[in-house]
Amino acid sequence: MHLEYFHLIDRIADLRAEERSITVEAQVPLESTIFEGHFPGHPLMPGVLLIESMAQASGWLLIALTKFERMPFLAAVKEAKMRTFVTPGELLTIEAAVVHEGSGFTITDAKVSVGGKPKCNATLTFRQVPFPNDDLRGHMETMAKRIGFPQQMFAHG
Amino acid sequence: MSSTFDRVATIIAETCDIPRDTITPESHAIDDLGIDSLDFLDIAFAIDKAFGIKLPLEKWTQEVNDGKATTEQYFVLKNLSARIDELVAAKDA
């Protein structure tokens, strides 16, 4: 994780297109300026960043399912539950699965666990639109390679 | 079995917290009921599930933007209900 750059996903551990689900890993850093404020003397991973990590995991799944033709943008967060604290240095396993594919939008269920213990979960809605420009698409492709996005799920041609 | 309109009106009332008795077949989801595009995603999700279809929102939006259709054709509830009936019939054909 590079929290300051909003790079929250380190590695795609498993992407199951036929099941429309994904598992990713993310290492919470031991040190970050974010922990200096959240909270002094009691560093915790902010809940909004945990939600964002679930959104990013879902997002990579949706990019795979549309073969890099569409960019998902987070549109709604429902039933978000922060069950226990996430602290610096913990290795997060983030799972996401498609609940419903609509026309131009998709809903996922996502959860974060550490060592098999649930930390948080949420139901997320994404709008999916064509990539707004080549810069973003290029950036996402670079990121995809860095985190082990399956090569065969890039668009052909 | 309740009509398509009744089922849609119930979905809208429950999803958007709009009093059921203010929703009529002539209501325009956007102009009369004040439903925005994000809330309409929730309605589309509920309708998709309830009727086993996929409302083609992107196609409809494109047609409206291109001037090939009016919002009334898709978002006045009696018309929306008719479109749903067509999609259900097409699915079952």
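Residues numbered from 1 in each chain as written. Chains lettered and ligands numbered in written order. Predicted model: local features only at pLDDT ≥ 70, side-chain atom pairs only at ≥ 80, totals over all residues. Heavy atoms only, no water.

- As named in an unreviewed UniProt entry, chain B is Acyl carrier protein AcpXL, taken from Nitrobacter winogradskyi.

1. Notes on the overall build of chain A
- Looking only at helices and strands, one finds three helices and six strands in chain A.
- Along chain A, from the amino end to the carboxyl end, the secondary structure elements read β-β-α-α-β-β-β-β-α.
- Taken over C-alpha atoms, the radius of gyration comes to 15 Å for chain A, in line with the 15 Å a tight globule of 157 residues would show.
- Expressed along its principal axes, the backbone C-alpha trace of chain A runs to roughly 50 × 30 × 25 Å.
- Across the 157 residues of chain A, 48% fall into the buried class.
- Contacts spanning at least 24 positions in sequence make up 68% of the contacts within chain A whose residues lie at least 6 apart.
- As presented, chain A carries roughly 7,700 Å² of accessible surface, and 54% of it is formed by carbon and sulfur atoms. (Helix = DSSP H or I, 4+ residues; strand = E, 2+ residues; numbered from the N terminus. Rg over C-alpha atoms; globule rule 2.2 N^0.38 Å. Buried < 20%, exposed > 50% of the residue type's maximum accessible area, 1.4 Å probe, protein only. Contact = heavy atoms within 4.5 Å. Areas by Shrake-Rupley, 256 points an atom, 1.4 Å probe, with all protein chains shown as cover.)

2. A word on the packing of aromatic side chains
- Going through the model one piece at a time under the given rule, you end up with six aromatic pairs over all chains.
- Taking 5.3 Å as the distance between ring centres and 80° as the angle between the ring planes, the aromatic pair formed by Phe68(A) and Phe149(A) counts as edge-to-face. In this pair, Phe68(A) sits in the loop between helix 2 (47-65) and strand 3 (70-82) while Phe149(A) sits in the segment after helix 3 (134-146), placing the two residues 81 residues apart along the sequence.
- Here Trp60(B) and Tyr74(B) contribute two aromatic rings whose centre-to-centre distance is 4.5 Å and whose plane-to-plane angle is 5°, an arrangement assigned as stacked. Note that Trp60(B) is positioned in helix 3 (residues 57-65) and Tyr74(B) in helix 4 (residues 71-75), a separation of 14 residues in sequence. Exposure class is identical for Trp60(B) and Tyr74(B). Each is buried.
- An aromatic cluster is defined as three or more aromatic residues linked by ring pairs; in this entry it consists of Trp60(A), Phe68(A), Phe131(A) and Phe149(A).
- Looking at Arg7(B), its charged tip hangs above the ring of Phe51(B), at a distance of 4.2 Å from the centre. (Phe/Tyr/Trp six-rings, centres within 6.5 Å; stacked < 30°, edge-to-face > 60°. Lys NZ or Arg CZ within 6 Å of the ring centre and 35° of its normal.)

3. Some remarks on helix 2 of chain A
All names here are of chain A.
- Over its 19 residues, helix 2 extends 27 Å from the first C-alpha to the last, a length consistent with the 27 Å expected when each residue adds 1.5 Å.
- Taken across its 19 residues, helix 2 has 15 buried, putting it largely inside the fold.
- Backbone geometry just after helix 2 places Lys67 at a positive phi near 50°. (Expected span 1.5 Å × (residues − 1).)

4. Considering the environment of Met71(A)
All names here are of chain A.
- Its place among the elements puts Met71 in strand 3.
- Classification of Met71 as buried rests on a relative accessible area of 10%.
- Sequence separation between Met71 and Gly59 is twelve residues, and the spatial gap between their C-alpha atoms is 7.9 Å.

5. Remarks on the interface of chain A and chain B
- Contact residues are listed per partner, giving 15 residues for chain A and twelve residues for chain B.
- Between chain A and chain B the total buried area reaches about 1,100 Å² when both faces are included, carbon and sulfur atoms providing 57% of it.
- On the chain A side of the interface with chain B, the three residues burying the most area are Ser103(A), Phe105(A) and Arg127(A), jointly 45% of the side's total.
- For Glu58(B), the salt bridge is made with Arg70(A), and the minimal N-O distance between the two is 2.4 Å.
- Elements supplying a minimum of two residues to the side of chain A that touches chain B: strand 3, strand 4 (91-101), strand 5 (105-114) and strand 6 (117-130) of chain A.
- No other element matches the four residues that strand 3 of chain A contributes to the side of chain A that touches chain B.
- Considered class by class, the residues forming the side of chain A that touches chain B number five nonpolar, six polar and four charged. (Buried area = accessible area lost by both parts, 1.4 Å probe. Salt bridge = Lys/Arg side-chain N within 4 Å of Asp/Glu carboxyl O. Nonpolar A, V, L, I, M, F, W, Y, C, P; charged D, E, K, R; others polar.)

6. Thoughts on the UniProt feature "domain: Carrier" (unreviewed entry) in chain B
- In the UniProt entry, the feature "domain: Carrier" (unreviewed entry) is given for residues 2-88 of chain B.
- End C-alpha atoms of residues 2-88 of chain B are separated by 15 Å, and the span's content is 62% helix alongside 0% strand. (UniProt positions renumbered as here; feature names shortened; annotations may be inferred.)

7. Some words on the confidence of the model for chain B
Residues and elements named next belong to chain B.
- Here chain B averages 94 in pLDDT, while 99% of its residues score no lower than 70.
- Mean pLDDT in chain B bottoms out at helix 3, which sits at 94, and peaks at helix 1 (residues 4-16), which reaches 96.
- This complex was scored by the predictor with a pTM of 0.92 and an ipTM of 0.87. (pLDDT = per-residue confidence, 0-100.)

8. So, the pairing of strand 2 (residues 21-27) of chain A
Residues and elements named next belong to chain A.
- Within strand 2, five of the seven residues are buried, leaving the element largely enclosed by the surrounding structure.
- Pairing between strand 1 (residues 11-16) and strand 2: five bridges, direction antiparallel. From the neighbouring strand, Ile12 faces strand 2, where its bridge partner is Val24.
- Where strand 1 hands over to strand 2, the hairpin turn is made up of four residues, of which Arg20 adopts a positive phi near 55°. (Pairing = 2+ DSSP bridges.)

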